[in-house]
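What follows is each chain in one-letter form.
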Amino acid sequence: LFRSSRASARRATAMEPGWPTARTRVTRAAVTRRDLGIRPYVALGLAVMAVSSSALLIRLSTAPPVVVASYRMAFVTILLAPLALHFQRQDFGQLRGLNLWRLLAAGACLALHFACWTASLQFTSVASSVVLVSTHPMFVAIAESVWLRRPISRVGLAGIALSMFGGQIGRAHV
């Protein structure tokens, strides 16, 4: 649905300036990111600060965990839906059948993740919760290796080892 390849990026850059679809505009923006200047770095910095402070703000909240998670997703949806509809309108129109069900299942899994993680902040320290929730790439790599029978790359193994090491450091200081 939202995938792109080197071939499609080459086709998009070879097109004339009158970009006909939202998909090619996004691809063109990705290819010519030098023209954006410092804006992506500012956006990335703001995103890192928002994600980094979320556990502390959730911990200070007096609302039930599911309510906090629901509001968090609702506010993000309100902020990002106009951008998604503007840049990916054609892709939304093509969502049917299995792809629609996959999208809904991914959304349900994300909702479950946020509900459980938000609830975990009531039972453990912020540091422990963040260390545990940050190990998800390790579990995804292991699950991919077991269920999809794809070997874990050397970089993936190095990342898992680094994450385990960081988890031990975090556990020692908590």
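Here, the structure is the one placed above.
Treat the numbers as computed from the prediction; the structure is a model and nothing was measured.

1. Quick word on the overall build of the chain
In terms of helices and strands, the chain carries nine helices and zero strands. Helices and strands appear in the chain in the N-to-C order α-α-α-α-α-α-α-α-α. Out of the 174 residues belonging to the chain, those deemed buried represent 17%. Of the contacts formed within the chain by residues at least 6 apart in sequence, a portion of 59% connects residues at least 24 apart.

2. Comments concerning the layout of surface pockets
Empty space within the largest pocket amounts to approximately 1,100 Å³. At the level of elements, helix 2 (22-31), helix 3 (39-60), helix 4 (65-87), helix 6 (97-120), helix 7 (126-133) and helix 8 (136-147) are the ones that each hand at least two residues to the lining of the largest pocket.

3. Remarks on the pattern of salt bridges
As enumerated under the stated definition, the model contains one salt bridge in all. A salt bridge links Arg150 to Glu144, with the nearest nitrogen and oxygen atoms 3.0 Å apart. Under the relative-accessibility criterion, Arg150 is labelled partly exposed at 47%. For Glu144, a relative accessible area of 30% corresponds to the partly exposed category.

4. With respect to the nonpolar core
Judged by nonpolar contacts, Ala55, Ile58, Val68, Ala69, Phe114, Trp117, Leu121 and Val126 together constitute the single largest core of eight residues. Counting residues per element, the ones that place at least two in this core are helix 3, helix 4 and helix 6. Discounting residues that sit within four places of it in the chain, Ile58 has contacts with Val68, Arg72, Trp117, Thr118 and Leu121.

5. Let's talk about the packing of aromatic side chains
A complete count under the given rule lists one aromatic pair for this structure. Aromatic side chains Tyr71 and Phe75 sit 6.0 Å apart centroid to centroid with 15 degrees between the ring planes, which places their arrangement in the stacked category. In this pair, Tyr71 and Phe75 are both assigned in helix 4, four residues apart and thus about one turn of the helix distant. Judged on exposure class, the residue Tyr71 and its partner Phe75 are both exposed.

6. Observations concerning the side chain of Ser129
Assignment of secondary structure puts Ser129 in helix 7. According to the relative accessible area criterion, Ser129 is buried, its value standing at 3%. Of the polar contacts made by the side chain of Ser129, one reaches the side chain of Ser120; its length is 3.0 Å. The residues contacting Ser129, other than those within four sequence positions of it, are Trp117, Ser120, Leu121 and Thr124.

7. A word on unusual backbone geometry
At Arg149, a residue that is not glycine, the phi angle is positive and equals roughly 55 degrees. Within the element layout of this structure, Arg149 appears in the loop between helix 8 and helix 9 (154-173). Overall, the relative accessible area of 70% leaves Arg149 in the exposed class.

8. Considering a nonpolar patch on the surface
A grouping of Ile38, Tyr41, Val42, Leu46 and Met49 is seen on the molecular surface, where their side chains present a nonpolar patch of about 580 Å² in accessible area. One can find Tyr41 in helix 3.

9. Concerning the environment of Val67
Among the structural elements, Val67 can be located in helix 4. Residues Val67 and Thr118 lie 51 residues apart in sequence; the distance between their C-alpha atoms is 9.5 Å.

10. Describing the packing of helix 4 against helix 6
Following both chains from N to C, one finds helix 4 and helix 6 inclined at 130 degrees, their axes separated by 8 Å at the closest point. Viewed along their axes, helix 4 and helix 6 adopt a mutual orientation that is oblique. The element helix 4 and its partner helix 6 pack so that their crossing is right-handed. When helix 4 is examined against helix 6, the residues Pro65, Val66, Val68, Ala69, Arg72 and Met73 are found in contact with a partner set consisting of Leu110, Phe114, Ala115, Trp117, Thr118 and Ala119. Here the residues of the contact of helix 4 with helix 6 are counted per class, giving 10 nonpolar, one polar and one charged.

Reading guide: rules and limits
- Residues numbered from 1 in each chain as written.
- Predicted model: local features only at pLDDT ≥ 70, side-chain atom pairs only at ≥ 80, totals over all residues.
- Heavy atoms only, no water.
- Helix = DSSP H or I, 4+ residues; strand = E, 2+ residues; numbered from the N terminus.
- Buried < 20%, exposed > 50% of the residue type's maximum accessible area, 1.4 Å probe, protein only.
- Contact = heavy atoms within 4.5 Å.
- 1 Å grid on protein atoms, 1.4 Å probe; cavity = no way out; pocket = protein on both sides within 12 Å on 5 of 7 lines; lining within 4 Å.
- Points joined across faces, edges and corners; volume = space filled by probe spheres on them.
- Salt bridge = Lys/Arg side-chain N within 4 Å of Asp/Glu carboxyl O.
- Core = buried A, V, L, I, M, F, W, Y, C linked by side-chain atoms within 4.5 Å.
- Phe/Tyr/Trp six-rings, centres within 6.5 Å; stacked < 30°, edge-to-face > 60°.
- Polar contact = N/O pair within 3.5 Å; in protein donor to acceptor, adjacent residues only side chain to side chain.
- Patch = residues over 30% accessible without salt bridge, like charges linked within 9 Å, V, L, I, M, F, W, Y side chains within 5 Å.
- Areas by Shrake-Rupley, 256 points an atom, 1.4 Å probe, with all protein chains shown as cover.
- Axes fitted to C-alpha atoms, helices over the stretch in contact; angles between N-to-C directions.
- Parallel < 35°, antiparallel > 145°, perpendicular 65-115°, else oblique.
- Left-handed = near helix turned anticlockwise from the far one by under 90°.
- Nonpolar A, V, L, I, M, F, W, Y, C, P; charged D, E, K, R; others polar.

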